[in-house]
Amino acid sequence: MASAVDTHLHGVNFESFNHTNTILKGLNDLRLKGCLFDITLKVEDKSFKAHKAVLAACSDYFRAMFIDCMKEANQNEVSLSVSSQGIELLLEYIYTSKLQLNLANIQNVLAAASYTQLDSVVEACLNYLQDQLDIDNCIDILTISETYSLNSLKERVYRFICGHLFEVSQINEFIRLTFAQLSYILSCDYPVDCSESQVLSQVVLQWIIQTNLPVTEENEQLNNLLKQIRFNEMPLTAVKQALSHNQLTPKHDLYKIVITHARTERKKFRTTQSLLNSASLVNSRGMEIALIKIGGFDLSGITNEITYCFPNAKTPSEQVWRYLTSIPHIKQSNFGCVVLNNQLYVVGGCYDISLEEYIHPFGFRYCPITNKWQTISPMNQDRCRFSLNVVGSRIYAIGGVSESHDDDMYDGGETNYSSGEVYNPETDKWEFITALPEYRSQHASCAVDRYLYISGGLDQFGGVLSTFWKYNTTCNYWTQLPPMLTGRADHVILNIGAKLYICGGWYEINTTRILAGTIDVFNYATNSWSTLTRIPTPKFHAGIVHLNNKIYIIGGFCSDDIFRHTASRIEVFDIDKNTWSVMDNYPKNIWEHACASLYIPKCREDMVVIDS
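Residues numbered from 1 in each chain as written. Predicted model: local features only at pLDDT ≥ 70, side-chain atom pairs only at ≥ 80, totals over all residues. Heavy atoms only, no water.

1. Considering the overall build of the protein chain
- In terms of helices and strands, the protein chain carries 16 helices and 32 strands.
- Projected onto the principal axes, the alpha-carbon positions of the protein chain cover approximately 100 × 100 × 45 Å.
- Scored against the burial criterion, the 612 residues of the protein chain give a buried share of 50%.
- Taking all contacts inside the protein chain whose residues are at least 6 apart in sequence as the whole, residues at least 24 apart take part in 55%.
- Counting every atom, the protein chain has about 29600 Å² of accessible surface; 49% of that belongs to carbon and sulfur. (Helix = DSSP H or I, 4+ residues; strand = E, 2+ residues; numbered from the N terminus. Buried < 20%, exposed > 50% of the residue type's maximum accessible area, 1.4 Å probe, protein only. Contact = heavy atoms within 4.5 Å. Areas by Shrake-Rupley, 256 points an atom, 1.4 Å probe, with all protein chains shown as cover.)

2. Points about the nonpolar core
- Core analysis: the biggest nonpolar cluster contains 83 residues, and Leu41 and Leu200 have the highest contact counts within it.
- In terms of residue count, the dominant contributor to this core is helix α12 (residues 196-210) (seven residues).
- In contact with Leu41, other than residues within four places in its own chain, are Lys46, Ser47, Phe48, Leu55, Phe62, Val78, Leu80, Ile87 and Leu91.
- Counting 20 residues, the second largest nonpolar core, distinct from the first, contains Phe310, Ile327, Val346 and Trp373. (Core = buried A, V, L, I, M, F, W, Y, C linked by side-chain atoms within 4.5 Å.)

3. Some words on the layout of surface pockets
- Reported here for the second largest pocket is a volume of approximately 1100 Å³.
- Taken together, 34 residues line the second largest pocket, and the ones lying closest to its centre are Gly163, Pro368, Ile369, Thr370 and Asn371.
- Counting only elements with at least two residues in the lining of the second largest pocket, the list comes to α9 (151-163), β13 (363-367) and β14 (372-376).
- Top element by residues in the lining of the second largest pocket is α9. It accounts for five residues.
- For the lining of the second largest pocket, a count of residues per class yields 14 nonpolar, 11 polar and nine charged. (1 Å grid on protein atoms, 1.4 Å probe; cavity = no way out; pocket = protein on both sides within 12 Å on 5 of 7 lines; lining within 4 Å. Points joined across faces, edges and corners; volume = space filled by probe spheres on them. Nonpolar A, V, L, I, M, F, W, Y, C, P; charged D, E, K, R; others polar.)

4. Looking at the pairing of strand β10 (residues 343-347)
- In terms of burial, β10 is largely enclosed, as four of its five residues are buried.
- In terms of strand pairing, strand β9 (residues 336-340) meets β10 through five bridges, oriented antiparallel. By the bridge assignment, Cys337 is partnered in β10 with Val346.
- Joining the antiparallel neighbours β9 and β10 is a turn of two residues, in which Asn341 adopts a positive phi near 55°. (Pairing = 2+ DSSP bridges.)

5. Considerations on the environment of Gln85
- Considering the arrangement of structural elements, one finds Gln85 in helix α5 (residues 84-96).
- On the basis of relative accessible area, Gln85 is assigned to the partly exposed category, the value being 33%.
- Considering only alpha carbons, one finds Gln85 and Lys550, 465 residues apart in sequence, at a separation of 64 Å.
- When neighbours within four sequence positions are excluded, Gln85 is seen to be in contact with Ala104, Asn105 and Asn108.

6. Notes on the sheet that holds strand β3 (residues 77-80)
- The strand order across the open sheet built from three strands is β2-β1-β3, with neighbouring strands paired in mixed fashion. A strand with exactly one partner marks an edge of an open sheet, and here the two such strands are β2 (46-50) and β3. Ignoring which end each strand starts from, the neighbouring axes of this sheet average 25° apart.
- With five bridges connecting them, strand β1 (residues 39-43) and β2 associate as antiparallel partners. Across the sheet, the residue bridging to Ile39 is Ala50, located in β2. (Axes fitted to C-alpha atoms, helices over the stretch in contact; angles between N-to-C directions.)

7. What about the pattern of salt bridges?
- A full pass over the atoms with the stated rule returns 13 salt bridges.
- One salt bridge connects Arg176 with Asp140, and the closest N-O pair in it is separated by 2.7 Å. You can see Arg176 sitting in the loop between α10 (165-169) and α11 (179-187) and its partner Asp140 sitting in helix α8 (residues 138-147), a full 36 residues away along the chain.
- A relative accessible area of 44% means that Arg176 is categorised as partly exposed.
- Judged by its relative accessible area of 33%, Asp140 falls in the partly exposed class.
- Salt bridges sharing partners connect three or more residues here, namely Asp189, Arg230 and Lys602. (Salt bridge = Lys/Arg side-chain N within 4 Å of Asp/Glu carboxyl O.)

8. Quick look at the packing of aromatic side chains
- Summed over all chains, the structure comprises 22 aromatic pairs.
- Ring geometry for Tyr453 versus Phe468: centroids 5.8 Å apart, planes at 25°, classification stacked. Remark: Phe468 occurs in strand β21 (residues 468-472) and Tyr453 occurs in strand β20 (residues 451-455); sequence separation between them is 15 residues.
- Considering the side-chain rings of Phe540 and Phe557, the 6.3 Å spacing of their centres and the 45° angle between planes classify their relative orientation as tilted. With Phe540 in the loop between β27 (528-534) and β28 (543-547) and Phe557 in the loop between β29 (550-554) and β30 (570-574), this pair connects stretches of sequence that are 17 residues apart. (Phe/Tyr/Trp six-rings, centres within 6.5 Å; stacked < 30°, edge-to-face > 60°.)

9. A closer look at the confidence of the model for the protein chain
- Confidence in the prediction of the protein chain, expressed as mean pLDDT, is 91, and 93% of residues score 70 or more.
- Note that pLDDT drops below 50 for residues 1-5; the model gives that stretch zero contacts with residues more than four away or on any other chain.
- With pLDDT under 50 throughout, residues 405-413 is counted as low confidence; its partners more than four residues away or in other chains account for 22 contacts. (pLDDT = per-residue confidence, 0-100.)

10. Some points on a nonpolar patch on the surface
- A surface patch of nonpolar side chains, about 240 Å² in accessible area, is lined by Ile330, Ile353 and Tyr358.
- With respect to the element layout, Tyr358 can be found in strand β12 (residues 356-359). (Patch = residues over 30% accessible without salt bridge, like charges linked within 9 Å, V, L, I, M, F, W, Y side chains within 5 Å.)

11. Side note on unusual backbone geometry
- In this structure, Asn341 is a non-glycine residue whose phi angle is positive, near 55°.
- The topology assignment puts Asn341 in the loop between β9 and β10.
- Backbone geometry at Asn342 places phi at a positive 55°, although glycine is not the residue there.
- One can find Asn342 in the loop between β9 and β10.

12. Quick word on the side chain of Asn304
- Tracing the backbone shows Asn304 in the loop between β6 (301-302) and β7 (305-309).
- On the accessibility criterion, Asn304 (6% relative accessible area) is buried.
- There is a polar contact of 3.5 Å between the side chain of Asn304 and the backbone oxygen of Ile330.
- Apart from residues no more than four positions distant in its own chain, Asn304 is found in contact with Gly295, Thr325, Ser326, Ile327, His329, Ile330, Lys331 and Gln332. (Polar contact = N/O pair within 3.5 Å; in protein donor to acceptor, adjacent residues only side chain to side chain.)

13. Section: the packing of α12 against helix α13 (residues 220-227)
- The interhelical angle for the contact between α12 and α13, taken along N-to-C directions, is 175°, at an axis separation of 11 Å. By the angle class used here, α12 and α13 are roughly antiparallel. The residues of α13 that touch α12, namely those facing Leu200, Val204, Trp207 and Ile208, are Leu222, Leu225 and Leu226.
- Taken together, the residues of the contact of α12 with α13 break down into seven nonpolar, no polar and no charged. (Parallel < 35°, antiparallel > 145°, perpendicular 65-115°, else oblique.)

14. A few points about the pairing of β13
- With respect to burial, β13 is a largely interior element, five of its five residues being buried.
- Side-chain alternation along β13 places Gly363, Arg365 and Cys367 on one buried face and Phe364 and Tyr366 on a second face that is also buried.
- Of the strand pairs in this sheet, β13 and β14 are connected by five bridges, and their pairing is antiparallel. Across the sheet, residue Arg365 finds its bridge partner in β14, namely Gln374.
- Remark: four residues form the turn of the hairpin made by β13 and β14, two consecutive strands paired antiparallel; Asn371 in that turn has positive phi of roughly 60°.

What follows is the structure in structure tokens.
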């Protein structure tokens, strides 16, 4: 009895989760039976009956029309300046919540939804167009996005067109681009898929010729387009080839105007090295040089995470570290990594399973423009703690620790030589080369012209080496050079200007491990060594990389205590000024990582900042 009283006093809250569907179905039943209509929509040559309350509940446009004292509020019939197909499909959506979109009706639906301010349908159309975007329809979708002020879609389309610029320039619809659209493509600074000479030849000149743009020195549109060509990224011969490709001879006015622009722009960069020459980029548009940190350890353990930072950003607040990608492999360490043609290669390494180390030969290649990884052929031999370097257009793997026991190649450290192999990206194949006549692991390497230099490391008994070798990749033979001033392991060689810089690492005195505190320099013109500077904070297992004549020492720790604060410190040596400085610390304590420089798109959709 008390329970009943309590129930009566407190009441019961009832909610039907089917009520919304019941109401919607009831309204659609009224529409299908032609009951209680109070408004007729006149569109083109057709009439559509509906209920004012239903239209006003779904659309701000109709709500204002029927409620805010407009003349249509007292009318039983209104005319709309949209397509009948668009309104018919909108009414179907309003009464059923269902909408069938396809490429044949999308523009009519979008026009009607924009006109009637039906935002949910506009959003659905935007998402549909994004999903359907391809080479054949991108010009149409660009026009639609600009017509209906779909700004997010517009930027997505422009980025797509830039990323497929060469392919888009080959379709018939390309010449439908307006001057404003083409000018924006050239100025928006999104990455493109073709060289700058192709931008000139296949995009700009082709558009000028096929649209019959008046060719005069006073034509502002012509001058605007040519000013946005990066003539410093191509030799004058390439400019002339682009003109010739479009059947333009020195007698043509357009030929003369383009050559004048090219010479004028190239004078501005006479003392500036082209970005293209230093980065082996297809094109520098939309790209910015970054420092990247690859793998290693932090306080949470081993990581495959790759992060990046733009050190040339205008303000320190913009020099933050962001997440880039992760190595697509079980968490590993002691791998080799290099950059070739602005693609990052991560090869070999080792990983632990149940406290047992496994060495592998597998490799991966990362493209920052597409933000995708590809698998490359595995090395002929598994390796970790080896060196990986680029000479010309090939990648060389030398020495390291291996589990292989083929006596003809390498027997796991019991021999007095180190096997090597070379990778050809064009054929995706590795081939063995003449072995280095000295066993070593945890060494360093770098390339100068056709030569590969190998320094230091550990011998088969764990002793630190000071020996220094040069490999002629053309003739396939090794030459021993004057030894380093101090033996080192776990160090880095950097080729900067006409010298080699030996940085980081450690050596031993009476079995005590000592941090190498100097940067030593090898002049390969004179085959001589010298000491350049002392490192303010010598560290174990730091990441070391150079960029624009500066050496960056990132992370690492200065003793066996990995919790020391130096594990996040970044020190910078300016070679030109012979001075040291510091950047803001890396957000985490890190060690045993690799570092490199890589051109990254300036604008990424997932620019996640690394938290401290």
